[in-house]
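Results of the structural survey
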Amino acid sequence: MNRLTTAKRAQILGLLVEGMSLRAASRVADVSINTITKLLVDVGTACAEFQDQALCNLPCQRVQCDEIWSFVGAKQKNVANGAAGYGDVWTWTALCADTKLIASWMVGSRDGDAAKTFIADLAPRLRNRVQLTTDGHRVYVEAVERAFGADVDYAMLVKVYGEGPKSDQRRYSPSEFVCATKQKINGDPDMAHVSTSYVERQNLTMRMSCRRFTRLTNAFSKKVDNHAHAVALHFMHYNFGRIHKTLRVTPAMEAGITDHVWSLEEIASLIPEPESKPRGPYKKRA
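Read on for an overview of the structure.

Analysis parameters
- Residues numbered from 1 in each chain as written.
- Predicted model: local features only at pLDDT ≥ 70, side-chain atom pairs only at ≥ 80, totals over all residues.
- Heavy atoms only, no water.
- Helix = DSSP H or I, 4+ residues; strand = E, 2+ residues; numbered from the N terminus.
- Buried < 20%, exposed > 50% of the residue type's maximum accessible area, 1.4 Å probe, protein only.
- Contact = heavy atoms within 4.5 Å.
- Areas by Shrake-Rupley, 256 points an atom, 1.4 Å probe, with all protein chains shown as cover.
- Lys, Arg positive; Asp, Glu negative; His and termini not counted.
- Charge placed at Lys NZ, Arg CZ, Asp CG, Glu CD.
- Patch = residues over 30% accessible without salt bridge, like charges linked within 9 Å, V, L, I, M, F, W, Y side chains within 5 Å.
- Salt bridge = Lys/Arg side-chain N within 4 Å of Asp/Glu carboxyl O.
- Phe/Tyr/Trp six-rings, centres within 6.5 Å; stacked < 30°, edge-to-face > 60°.

Regarding the overall build of the protein chain
Helix and strand counts for the protein chain stand at nine helices and six strands. Projecting the C-alpha coordinates of the protein chain onto the three principal axes gives extents of approximately 85 × 50 × 35 Å. Burial status across the protein chain gives 43% buried among its 286 residues. Within the protein chain, contacts between residues at least 6 apart in sequence are counted, and of these 61% link residues at least 24 apart. Of the roughly 16000 Å² of accessible surface on the protein chain, a fraction of 50% belongs to carbon and sulfur atoms. One finds the centroid of the 38 positive side-chain charges in the protein chain at a distance of 9 Å from the centroid of its 30 negative side-chain charges.

Structural notes on a positive patch on the surface
There is a patch of like positive charges on the surface, built from Arg 201, Arg 242, Lys 245 and Arg 248. Within the secondary structure, Arg 248 is located in the loop between α7 (224–241) and α8 (251–254). Taking relative accessible area as the criterion, Arg 248 reaches 67% and is therefore assigned exposed.

Some words on the packing of aromatic side chains
Taken as a whole, this structure holds eight aromatic pairs when the rule is applied. Centre to centre, the rings of Trp 92 and Phe 118 are 5.7 Å apart; their planes meet at 40°, and the pair counts as tilted. Taken as a pair, Trp 92 in strand β2 (residues 87–96) and Phe 118 in helix α4 (residues 112–122) lie far apart in primary sequence, 26 residues in all. Judged on exposure class, the residue Trp 92 and its partner Phe 118 are both buried. A ring pair is formed by Trp 105 and Phe 235, whose centres lie 5.0 Å apart and whose planes are at 45°; its orientation type is tilted. A residue pair is termed long-range when its members are at least 10 positions apart, and Trp 105 in strand β3 (residues 102–108) and Phe 235 in helix α7 qualify at 130 residues. Given the relative accessible area of 0%, Phe 235 is considered buried.

The following block contains the structure:
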C-alpha cells in the first residue's frame, strides 16, 4: 500500500490550514479526495491527543471564552426530523489574553451541558487563579461555579444589539450594536480588563483559515467528526505553527510550552506510523 511522504503530508496540511477546501487541496496536491480525508482524520486525531497532553499547567492570568457557530450537513431549520448528526454545531473556545493561546476548545451544542463539559476541561489546565470573561450566555454561570467554585474572578460582557435588517437585500448584514455592559459575577475581576475582543478576533481567524467556517459556501462539514478533526488541526497550527503578528512568536512559545515554531512536517509527524505486518513464507506457484 502506498503511503504519503512526510513532505507530501506537509504540503496538504499547508493547503488546509490556509483555508483551502478538501477538493481544492486534492486538485493542487494531485491526490484523491479519499486520501485527503484520511489524512485529515489521522492528523486531527493526533493533534487533539497531543494538545490534550501539552496544554496543561498553563500560566494564564486572563482568559476569554466565546462560541462560534457553524453547521454540519445542513442548517438546523433544514434538518429533517430524526436526522442525527446534522444541524447547528458550536465550537467553544478559551483564549489566554496575554499569550493568545487557545487553552481549551470543544465542538458540540450550545446548551448548559456543553458549557459544563467545556469549562470543566478548561479549569484544571490553568496554573493560577484567573480573571475569566465570557459573553452574556447564561449557561456559563452554573458551569463556571461548578468548575472553579470561588477560585476565579469572573465577569460577563453583555452586548446589546438592535433589530436585524428586515429587507431581503440586507438579510446577511449584522444587527446594529447598541451598547455593552460589564457584569461582575464572582470574585474581584478588574473591570478594565473585562473584554472578549481577543477571542472574538480569533473567531475571525478561524473563519479565514478553516474553510468549513466560511459562510455562504458549500464547503461546510458533512460529518461532525471530520468537523472536529479540522478544528483540532486549525488550533494545532494556530498554537504551535503560526507566528502571531503581535507577539512575534507562536502562542505556545509565549506560554512556555515549546521553544520553537513547529513546521508542518513536525505536525504531520504526529501521526503514528502503522505497524507493518510480517509477511508469510513465499510459496512458488506451480
